[in-house]
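# Architecture at a glance
Residues per chain are reported as follows:
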Amino acid sequence: MFRRFCLFLLILTALPSSVRAGALSLAANRPESDSAVAAQLESVRAAGLALASAGFRLSTANAALCDRLEPGHGIQLHRIDQYPLAARAAVRAHFRFAGATAVAGVVPGSPAEQAGVRADDTVLAFGPVAVPPASDGPPSTVGLVALWQGVAALPPTAPIRIDLLRDGAPLTVTVTPIPACRTRYELLFTPALEASANGEMVQISTGYTDRFGDELVLAVLAHELAHNILRHRDRLKAVGAEFGMLSGFGRNMGFFRQAELQADTLAVHLLARAGYPADLASRFRQHPVARARSGMFQSPSHPQWRDRLRVALAEEARIAANGPGAPFVAERDAPLTGDWRPLVPKP
Ligand SMILES: [Zn+2]
């Protein structure tokens, strides 16, 4: 499994500095057959599209809960300059890049698929948003993120004219998007268990998918999206909570636990609204890897495993009785109090 990614240690939609060095250590001195490289690139494409499809479903099904929207179009973009330098010739040929930016994949059933956009179309213009020229420096997602931010700021339902090149021939399509919560989904190619949300982005590692599988990992995505919907990053900063090593200590602990339990609670409703299985959150919590991560190795910034399972089971029961709601969404502008204990259901 690790070997699958050691050649292209990259992120399909972004590359944080922590792995940038890793991406540059591309094993260019280890010759691989064309078919092996093609298989690796297709596995990267498939993993990225699986995340984009899950993100599209969560973000569009929950648009009514979000006050920051983007056009939900279903196009998964990639750029030649996000790939390691030594891989670019192979990447360009395999994905038929005829410019800086191309369609890595199209979410099945999305407005883009209905409009006829196809994987490996080169993107020349995305509505009024200019496609930045490719950088020929080390791997960078600056251009990709700039493009995403430009498109995300467009009106969420206005038709978007997209100029493409397909097999060298120009083609223009018009995609009529549906509203989606404004969040970019990024896949981090690392065996570590990493998931985070920064307000506009949700990032998850392939380590999660490898251990939990495509279905249970949706519980992690919904939890991170809930952080964005509830603006937890901004609200934690607003109360002066300290991130990192200090997050589990002193008054920080209460703020982080409150945010975690709120996200756990809302996530169950986000999954239900998207039509996912009703017991998904509680099954995720009961997975042996999720259980093993709690206990003595867990940061005190996060609630105890048993408390988190109680939240999942209580919300699943509530939804079974009353249908999904929108817990904590109405108070997303209020300061966090750090009062986390009332958020845990009594045993
Ligand atoms: Zn969290």
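Residues numbered from 1 in each chain as written. Predicted model: local features only at pLDDT ≥ 70, side-chain atom pairs only at ≥ 80, totals over all residues. Heavy atoms only, no water.

### As for the pattern of salt bridges
Within the structure shown, the criterion is met by 19 salt bridges. Note that Asp67 is salt-bridged to Arg332, the shortest N-O span being 3.7 Å. Taken together, the residues span a long stretch of sequence, with Asp67 in the loop between helix 3 (34-61) and strand 1 (69-72) and Arg332 in the segment after helix 12 (305-322) at a distance of 265 residues. Note that Asp81 and Arg79 form a salt bridge whose closest N and O atoms lie 2.9 Å from each other. As far as the burial class goes, Asp81 and Arg79 line up, both buried. (Salt bridge = Lys/Arg side-chain N within 4 Å of Asp/Glu carboxyl O. Helix = DSSP H or I, 4+ residues; strand = E, 2+ residues; numbered from the N terminus. Buried < 20%, exposed > 50% of the residue type's maximum accessible area, 1.4 Å probe, protein only.)

### Structural notes on the packing of aromatic side chains
Any pair of aromatic rings gets described here by the distance separating the centres and the angle formed by the planes. Under the counting rule described, the total for this entry stands at four aromatic pairs. These aromatic residues form a ring-pair network of at least three members: Tyr208, Phe212 and Phe284. The residue whose ring lies beneath Arg57 is Tyr276, and the NZ or CZ to ring-centre distance is 3.9 Å. Its guanidinium or amino end placed over the ring of Trp340, Arg257 lies 4.7 Å from that ring's centre, counting from NZ or CZ. (Phe/Tyr/Trp six-rings, centres within 6.5 Å; stacked < 30°, edge-to-face > 60°. Lys NZ or Arg CZ within 6 Å of the ring centre and 35° of its normal.)

### Section: the pairing of strand 2 (residues 75-79)
Judged by how many residues are buried, strand 2 sits mostly within the fold: five of five residues are covered. Here strand 2 shows a buried face lined by Ile75, Leu77 and Arg79 and a second buried face lined by Gln76 and His78.

### Some words on the state of the cysteines
Tallied over the entire structure, the rule returns one disulfide. The disulfide that involves Cys66 links it to Cys181, with 2.0 Å between the sulfurs. Classification of the bridge connecting Cys66 and Cys181 rests on its S-S torsion, roughly 85°, and on that basis the disulfide is right-handed. Placement of Cys66 in the loop between helix 3 and strand 1 and of Cys181 in strand 8 (residues 178-181) is noted, with a sequence separation of 115 residues between them. As far as the burial class goes, Cys66 and Cys181 line up, both buried. (Disulfide = S-S within 2.5 Å.)

### Observations regarding the environment of Val202
Locating Val202 in the fold gives a position in strand 11 (residues 201-205). For the pair Val202 and Asn228, spaced 26 residues apart in the sequence, the C-alpha separation amounts to 8.1 Å. Ignoring anything within four residues of it in the chain, the contact list for Val202 reads Thr183, Arg184, Tyr185, Glu186, Ser196, Ala197, Leu221, Glu224, Leu225 and Asn228. (Contact = heavy atoms within 4.5 Å.)

### Here we look at the coordination of the zinc ion
Looking at the metal site, the zinc ion is ligated by His223 (NE2), His227 (NE2), Glu260 (OE) and Glu260 (OE), spaced 2.1 to 2.6 Å from it. Around the zinc ion sit four donor atoms; with metal-centred angles ranging over 53 to 132°, the donor geometry is irregular. All donors of the zinc ion come from a single chain, and their spacing in sequence reads H-x3-H-x32-E. Here the residue His223 and the residue His227 both occupy positions in helix 7 (residues 206-229), the gap between them amounting to four residues, near one helical turn. A relative accessible area of 6% means that His223 is categorised as buried. (Donors = N, O, S within 2.8 Å, 3.2 Å for Na, K, Ca; no water. Tetrahedral: all angles 85-135°; square planar, octahedral: opposite > 155°, others 65-115°.)

### Re the nonpolar core
The biggest cluster of nonpolar side chains holds 49 residues, and the ones touching the most others in it are Leu58, Leu221 and Leu271. Broken down by secondary-structure element, the contributors of at least two residues to this core are helix 3, strand 9 (184-188), strand 11, helix 7, helix 9 (251-273), helix 10 (280-286) and helix 12. In terms of residues, this core owes the most to one element, helix 7, which gives twelve residues. Once residues within four sequence positions are removed from consideration, Leu58 is found in contact with Tyr185, Leu218, Leu221, Ala222, Leu225, Leu270, Leu271, Ala274 and Tyr276. (Core = buried A, V, L, I, M, F, W, Y, C linked by side-chain atoms within 4.5 Å.)

### Brief notes about the environment of Leu261
If you trace the backbone, Leu261 turns up in helix 9. Separated by 46 residues in the primary sequence, Leu261 and Asp307 place their C-alpha atoms 8.7 Å from one another. Once you skip the residues sitting within four places of it in the chain, Leu261 turns out to touch Pro303, Val311, Trp340, Leu343 and Val344.

### Things to note about the side chain of Arg308
Relative to the assigned elements, Arg308 resides in helix 12. At 2.7 Å, the side chain of Arg308 forms a polar contact with the side chain of Asp264. Sequence-distant contacts of Arg308, defined by excluding residues within four places in its chain, comprise His223, Glu260, Asp264, Arg285, His302 and Pro303. (Polar contact = N/O pair within 3.5 Å; in protein donor to acceptor, adjacent residues only side chain to side chain.)

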